[in-house]
Amino acid sequence: MRQNFDVLIVGGGVTGAAVGYGLAKKGVKVGVVDATPPVDRASRSNMGLIWCQSKALGHRNYVEWCFNSSKLFGELAEELKKTSGIDIEYTESGGIIPCLGEEEFTKRSDYLDALRKEAGEEGYPGTMMTRDELEAKLPNITFGPNVTGATWCAEDGLVEPLKLMFALRHGMANLGGTLIPDTNVIDIVKTDSGYLVTTDNGEIECTRLVLAGGLGNRQLAGKFGVSVPVVPNKGQVFLTERVPDVLPSPLLGITRTRGGTIMIGFEHEYVGTDTSLHTEKFCHVAKWATDIWPALADLRIIRTWSCLRVWPKDGFPIYDKIPGHENGFILNAHSAVTLAAIHVAELPDFIMGNDICKTAADFTLSRFDEK
Ligand SMILES: Cc1cc2nc3c(=O)[nH]c(=O)nc-3n(C[C@H](O)[C@H](O)[C@H](O)COP(=O)(O)OP(=O)(O)OC[C@H]3O[C@@H](n4cnc5c(N)ncnc54)[C@H](O)[C@@H]3O)c2cc1C
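What you see is a predicted model; the values in this text were computed from it and never measured. (Residues numbered from 1 in each chain as written. Predicted model: local features only at pLDDT ≥ 70, side-chain atom pairs only at ≥ 80, totals over all residues. Heavy atoms only, no water.)

Caption draft 1: Molecular detail of the overall build of the protein. Looking only at helices and strands, the protein has 10 helices and 17 strands in total. Taken against the 2.2 N^0.38 rule, which gives 21 Å for 371 residues, the C-alpha radius of gyration of the protein at 21 Å falls within 12% of a compact globule. Referenced to the eigenvectors of the C-alpha coordinate spread, the extents of the protein come out at roughly 65 × 45 × 40 Å. Looking at the protein as a whole, 55% of its 371 residues are labelled buried. A separation threshold of at least 6 residues defines the contact pool for the protein, and within that pool the share at least 24 residues apart is 72%. For the protein, the exposed area adds up to about 16100 Å²; of that, 50% sits on carbon and sulfur atoms. Considering the protein, the positive charge centre built from 37 side chains and the negative charge centre built from 47 side chains are found 3 Å apart. (Helix = DSSP H or I, 4+ residues; strand = E, 2+ residues; numbered from the N terminus. Rg over C-alpha atoms; globule rule 2.2 N^0.38 Å. Buried < 20%, exposed > 50% of the residue type's maximum accessible area, 1.4 Å probe, protein only. Contact = heavy atoms within 4.5 Å. Areas by Shrake-Rupley, 256 points an atom, 1.4 Å probe, with all protein chains shown as cover. Lys, Arg positive; Asp, Glu negative; His and termini not counted. Charge placed at Lys NZ, Arg CZ, Asp CG, Glu CD.)

Caption draft 2: Molecular detail of the sheet that holds strand β14 (residues 261–264). Across the sheet, which stays open at both edges, the four strands sit in the order β13-β14-β12-β15 with antiparallel pairing between neighbours. Unpaired on one side and paired on the other, β13 (254–256) and β15 (301–312) mark the two borders of the sheet. Between one strand axis and the next, the sheet turns through 25° on average, direction left out of account. As judged from the 11 bridges shared by strand β12 (residues 230–242) and β15, these two strands associate in the antiparallel manner. When the sheet's bridge partners are listed, F238 is paired in β15 with T304. Running over the sheet, helix α8 (residues 279–292) touches β12, β13, β14 and β15 and is turned about 60° from β12. (Pairing = 2+ DSSP bridges. Axes fitted to C-alpha atoms, helices over the stretch in contact; angles between N-to-C directions.)

Caption draft 3: A look at the sheet that holds strand β6 (residues 147–153). Ordered in space as β4-β6-β5, the three strands form an open sheet in which the pairing is antiparallel. Two strands lie at the open edges of the sheet, namely β4 (95–100) and β5 (127–130), each paired on one side alone. On average, adjacent strands in this sheet sit at an angle of 30° to one another, irrespective of strand direction. Pairing between β4 and β6: six bridges, direction antiparallel. Among the inter-strand pairings, G95 is bridged to a residue of β6, identified as C153. Of the strands in this sheet, β4, β5 and β6 touch helix α4 (residues 101–119), which is tilted by about 135° from β4.

Caption draft 4: Structural context of the domain arrangement of the protein. Domain annotation for the protein reports domain 1 (3–83 + 160–228 + 314–370) and domain 2 (95–153 + 231–312). The interface of domain 1 with domain 2 comprises 29 residues on the first partner and 36 residues on the second. Regarding the contact of domain 1 and domain 2, the summed buried area is about 2600 Å², with carbon and sulfur atoms giving 67% of it. When the shortest N-O distance is used, the salt bridge between E122 and R60 registers 3.1 Å. Our count for the domain 1 to domain 2 interface comes out at 10 residue pairs in polar contact (both at pLDDT 80 or more). Where the side of domain 1 that touches domain 2 is concerned, the elements lending two or more residues are α2 (41–45) and α3 (60–84). The greatest single-element share of the side of domain 1 that touches domain 2, amounting to four residues, is contributed by α3. (Domains from an automatic or database assignment. Buried area = accessible area lost by both parts, 1.4 Å probe. Salt bridge = Lys/Arg side-chain N within 4 Å of Asp/Glu carboxyl O. Polar contact = N/O pair within 3.5 Å; in protein donor to acceptor, adjacent residues only side chain to side chain.)

Caption draft 5: The environment of I301, seen in detail. Here I301 lies in strand β15. On the basis of relative accessibility, which here comes to 37%, the residue I301 falls in the partly exposed class. It is 5.7 Å that separates the C-alpha atoms of I301 and L239, two residues lying 62 residues apart in sequence. With near-sequence residues (within four places) excluded, I301 lies in contact with F238, L239, T240 and F282.

Caption draft 6: Representation of the packing of aromatic side chains within the structure. Inspection of the entire model under this criterion finds 11 aromatic pairs. In this structure an aromatic cluster arises from ring pairing among Y62, W65, F316, Y319 and F363. When the ring centre of W152 is taken as reference, the NZ or CZ atom of K137 above it lies at 3.9 Å. Taking the ring centre of Y195 as reference, the NZ or CZ of K190 above it sits at 5.0 Å. (Phe/Tyr/Trp six-rings, centres within 6.5 Å; stacked < 30°, edge-to-face > 60°. Lys NZ or Arg CZ within 6 Å of the ring centre and 35° of its normal.)

Caption draft 7: Spotlight on the pattern of salt bridges. This structure, assessed with the given rule, holds 17 salt bridges. In this structure, R2 and E203 form a salt bridge, with 2.8 Å as the shortest nitrogen-oxygen distance. Taken together, the residues span a long stretch of sequence, with R2 in the segment before β1 (3–10) and E203 in strand β11 (residues 202–211) at a distance of 201 residues. Here R169 and D34 are joined by a salt bridge, their closest N and O atoms 3.1 Å apart. In this pair, R169 is assigned in helix α6 (residues 161–174) and D34 in the loop between β2 (30–33) and α2, connecting sequence segments 135 residues apart. Judged on exposure class, the residue R169 and its partner D34 are both buried. In this structure, a network of salt bridges that share partners links the residues R2, E203 and E205.

Caption draft 8: Representation of the nonpolar core within the structure. Of all hydrophobic cores here, the largest spans 60 residues; its most connected members are I9, F73, I88, L164, L168, Y319 and I351. It is α3 that provides the largest number of residues to this core, a total of nine residues. In this structure, this core is formed jointly by two domains, domain 1 (3–83 + 160–228 + 314–370) and domain 2 (95–153 + 231–312), each of which donates at least three residues. Once residues lying within four places of it in the same chain are set aside, the contact partners of I88 are F73, A77, L80, V159, E160, K163, L164 and A167. If you look at the next biggest cluster of nonpolar residues, it comprises 27 residues, including V33, V197, V226 and F368. (Core = buried A, V, L, I, M, F, W, Y, C linked by side-chain atoms within 4.5 Å.)

See the structure below:
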């Protein structure tokens, strides 16, 4: 017999899992179908930063959306301990963007001023730190001579991203949702009562359909003749041997995991779906990282990988109905780790037929047509 759901989500990365969890909390009969790894690289390969600062001047709604998500993370982390039994290792660590040279310091300072001005009376929580203040914040690190200071934001934080994804999935299942793993969606057709989804494991029926397949949304939405403007954006990440707890707050591009390894990576490359590793990129990132924190040069690299960001062409999320469909939805976001808490809180009502909240109302597909 075919499985049947009120809502079927295609894609069990951090986006699909967050929405599935939120729907299960509301008692909706939800299923999440997910293909076999390594298709889902982004949710399994990211840095785990809850990052709000220095983002998106001119896009106040997105700034607010990120900060609102960050504010919900503490509560979500505690809730997930109970519903999934998993500690996502959330730390309200704050976050730091180090500046190399006077020019970068001035540039960051000007950008922060502009963000503050744009925020107006609501205020903007980021601040600049002088080198002395940075050294006081991270007393166990000797910074390179060219480090001039940094930006600081107390609202930034860190999670263990794999644990976040699995906690959302397990939490959903414990609340009555169904995870259908290792199953590839091959075809989807609209029926009178909803959708018929064909997988390599049989057929599934649903009333409402959510496409949360990351880069896979391009093929999935293509089945309805819809083009989703997301592109792969490659990142290369390096992991060092373990170090003592000298980095209580992550630097953008350099974080310490709870296990003690240091994760380094900040490159963005548009090279299609090529995930090969390149030594010259490694050298570039290693030079940048050791200019900031010279002692990193003494550490052994124990692992390196590259993976593809799911990058909406303007960098902002897409939450919309599939054009012409009342009960079919497309969800895509970069920074979907940062946004996981607000996805749990806000997207389920949208999927169940309500208007999306005002802050997210502009994240439509049609904004790309306008351009
Ligand atoms: C190097 C790097 C560092 C990053 N660091 C951060 C960070 O610090 N903080 C942050 O907020 N974000 C970060 N990101 C971004 C973040 O990882 C992504 O925004 C997020 O993982 C996207 O999740 P997703 O669920 O939308 O997509 P995906 O992770 O791609 O998941 C999509 C899922 O859909 C499934 N799927 C696709 N097609 C099908 C199909 N036909 N049938 C069944 N299943 C299908 C896939 O198997 C996959 O599991 C980083 C990304 C990279 C690459």
